[in-house]
Amino acid sequence: ERTKYASIFDKSPTAIAVLSGKDLIYDVTNPAYVHLIGNRNVIGKPIRQALPELEGQPFFKMLDAVFESGHPISMKDAPVQLLD
């Protein structure tokens, strides 16, 4: 089962990352997510350190709210500016 789900996760065309803890540390990313963020190695790093260009955009606030409340938030089609 685990191998089956890992394969689906890795082959997904949707960018997926799993963050944990109050500091939002990257646990897992899939290839689509790594490509999206410019092939950076983010595993084990807090998102604020790994993607500092997100400061001033709504994502840190949104992720903090999700962590605090435990409730998902949808930001479909929200623009994001990443480094080139």
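In the block above lies the structure referred to throughout.
Cut-offs used in this document
- Residues numbered from 1 in each chain as written.
- Predicted model: local features only at pLDDT ≥ 70, side-chain atom pairs only at ≥ 80, totals over all residues.
- Heavy atoms only, no water.
- Buried < 20%, exposed > 50% of the residue type's maximum accessible area, 1.4 Å probe, protein only.
- Helix = DSSP H or I, 4+ residues; strand = E, 2+ residues; numbered from the N terminus.
- Arc of directions from axis to C-beta.
- Contact = heavy atoms within 4.5 Å.

Draft legend 1. Representation of helix α4 (residues 59-69). Among all positions of α4, only F59, F60, M62 and L63 are buried. The buried side chains of α4 occupy one side of the element, clustering within an arc of 165° when seen end-on. Across α4 from its buried face, at more than 90 degrees, point the exposed residues K61 and E68. Lining the buried residues of α4 we find β1 (17-20) and α3 (47-50).

Draft legend 2. View of the environment of L51. By the secondary structure assignment, L51 is in the loop between α3 and α4. Taking the C-alpha atoms as reference points, L51 and I16, 35 residues apart in sequence, are found 15 Å from one another. Discounting chain neighbours no more than four positions away, the residues touching L51 are Y26, Y33, I37, R40 and F60.

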